[in-house]
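Listed below are the residues making up each chain.
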Amino acid sequence: AQTVTQSQPEMSVQEAETVTLSCTYDTSENNYYLFWYKQPPSRQMILVIRQEAYKQQNATENRFSVNFQKAAKSFSLKISDSQLGDTAMYFCAFMKPSVDNYGQNFVFGPGTRLSVLP
Amino acid sequence: DTAVSQTPKYLVTQMGNDKSIKCEQNLGHDTMYWYKQDSKKFLKIMFSYNNKELIINETVPNRFSPKSPDKAHLNLHINSLELGDSAVYFCASSPYLAGASYNEQFFGPGTRLTVL
């Protein structure tokens, strides 16, 4: 079974600074997807960024980028130029593609609470 | 327009009661899911439904039963509520794209269930 670990329960960063959230996972699969989801106080789950395991290039979405180390099974999220609106819980998640695309099953990490300080 | 909606947003009830949480998606997606987020924020999948067929059941108690009247709805019924059922429940949906190995899941806003 796959597991996802986030070793930092809470982090804080000053506005405009850069912060990195850690995520490690355990799997015997070779092909899979990794995600970072953001959950602000509104509770809505918002997809931040996605990485396909077969791609060596790290995914980037504006101020968000990942450092994907497949051999080390590490998938960290870097937030540059942190903004107050980035304050949220951040969940790392793993998904193994299903043969027929039905029933895709996320495995979520326990989350990291990020506070951006003014 | 809200893509995935859930009602109610908050639900407070007594132990032993039976309750339902409704979920609707207007995205035309083929698969819908229910997740439970416990007090420690751990998010775990409970069920997924595709074309009215249950395809994942992560060994949740049989007091929980998903019901899908049509492709756009997946309701969660909970019988004989227990204190440990208190959590936030999220509905999600995803499309089916032939040939794609991944289809993004879109989450609803969550329903906070409190059992007293």
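Residues numbered from 1 in each chain as written. Chains lettered and ligands numbered in written order. Predicted model: local features only at pLDDT ≥ 70, side-chain atom pairs only at ≥ 80, totals over all residues. Heavy atoms only, no water.

In terms of helices and strands, chain B carries zero helices and eleven strands. Taken over the C-alpha trace, chain B has a radius of gyration of 14 Å; the compact-globule value for 116 residues is 13 Å, and the two agree within 12%. Contacts in chain B between residues far apart in sequence, at least 24 positions, make up 54% of those at least 6 positions apart. Put simply, chain B shows about 5600 Å² of open surface, and 49% of that area lies on carbon and sulfur atoms. (Helix = DSSP H or I, 4+ residues; strand = E, 2+ residues; numbered from the N terminus. Rg over C-alpha atoms; globule rule 2.2 N^0.38 Å. Contact = heavy atoms within 4.5 Å. Areas by Shrake-Rupley, 256 points an atom, 1.4 Å probe, with all protein chains shown as cover.)

The next point concerns the environment of Lys55(A). Relative to the helices and strands, Lys55(A) resides in the loop between β6 (46-52) and β7 (60-61). For the pair Lys55(A) and Tyr33(A), spaced 22 residues apart in the sequence, the C-alpha separation amounts to 10.0 Å.

Take the state of the cysteines next. Within the structure shown, the criterion is met by two disulfides over all chains. Bridging Cys23(A) to Cys92(A), the disulfide has an S-S length of 2.0 Å. Between Cys23(A) and Cys92(A) the sulfur-sulfur dihedral comes to about -70 degrees; the bridge is accordingly left-handed. With a gap of 69 residues between them, Cys23(A) in the loop between β3 (19-21) and β4 (24-26) and Cys92(A) in strand β10 (residues 88-95) connect regions that are remote in the sequence. Across the pair, exposure class does not vary: Cys23(A) and Cys92(A) are buried alike. Bridging Cys23(B) to Cys91(B), the disulfide has an S-S length of 1.8 Å. Given an S-S torsion of about -75 degrees, the disulfide between Cys23(B) and Cys91(B) has left-handed geometry. (Disulfide = S-S within 2.5 Å. Buried < 20%, exposed > 50% of the residue type's maximum accessible area, 1.4 Å probe, protein only.)

With that settled, consider empty space enclosed by the protein. It is the rolling of a water-molecule-sized probe over the atoms that shows where space remains empty. Residues and elements named next belong to chain B. Summed over the entire model, instances satisfying the criterion amount to one cavity of 30 Å³ or more. Within this model, the largest cavity holds a volume of roughly 50 Å³. Every residue lining the largest cavity is counted, twelve residues in all, and those nearest its centre are Asp30, Met32, Tyr49, Ser68 and Lys71. Across the lining of the largest cavity, the residue classes break down as three nonpolar, five polar and four charged. (1 Å grid on protein atoms, 1.4 Å probe; cavity = no way out; pocket = protein on both sides within 12 Å on 5 of 7 lines; lining within 4 Å. Points joined across faces, edges and corners; volume = space filled by probe spheres on them. Nonpolar A, V, L, I, M, F, W, Y, C, P; charged D, E, K, R; others polar.)

This next bit is on the packing of aromatic side chains. The geometry of an aromatic ring pair comes down to the distance between the two centres and the angle between the two planes. What the rule picks out here adds up to 19 aromatic pairs over all chains. Look at Tyr37(A) and Phe106(A): their rings are 5.6 Å apart centre to centre, the planes differ by 90 degrees, and that puts the pair in the edge-to-face class. Highlighted residues: Tyr37(A) in strand β5 (residues 33-39) and Phe106(A) in strand β11 (residues 106-108), separated in sequence by 69 residues. Its guanidinium or amino end placed over the ring of Tyr10(B), Arg43(A) lies 5.3 Å from that ring's centre, counting from NZ or CZ. (Phe/Tyr/Trp six-rings, centres within 6.5 Å; stacked < 30°, edge-to-face > 60°. Lys NZ or Arg CZ within 6 Å of the ring centre and 35° of its normal.)

On to the nonpolar core. Of all hydrophobic cores here, the largest spans 25 residues; its most connected members are Tyr25(A), Trp36(A), Phe75(A), Leu77(A) and Tyr90(A). The element best represented in this core is β10(A), accounting for four residues. Leu11(B), Met32(B), Met46(B) and Phe64(B) belong to the second-largest nonpolar core, a separate cluster that totals 20 residues. (Core = buried A, V, L, I, M, F, W, Y, C linked by side-chain atoms within 4.5 Å.)

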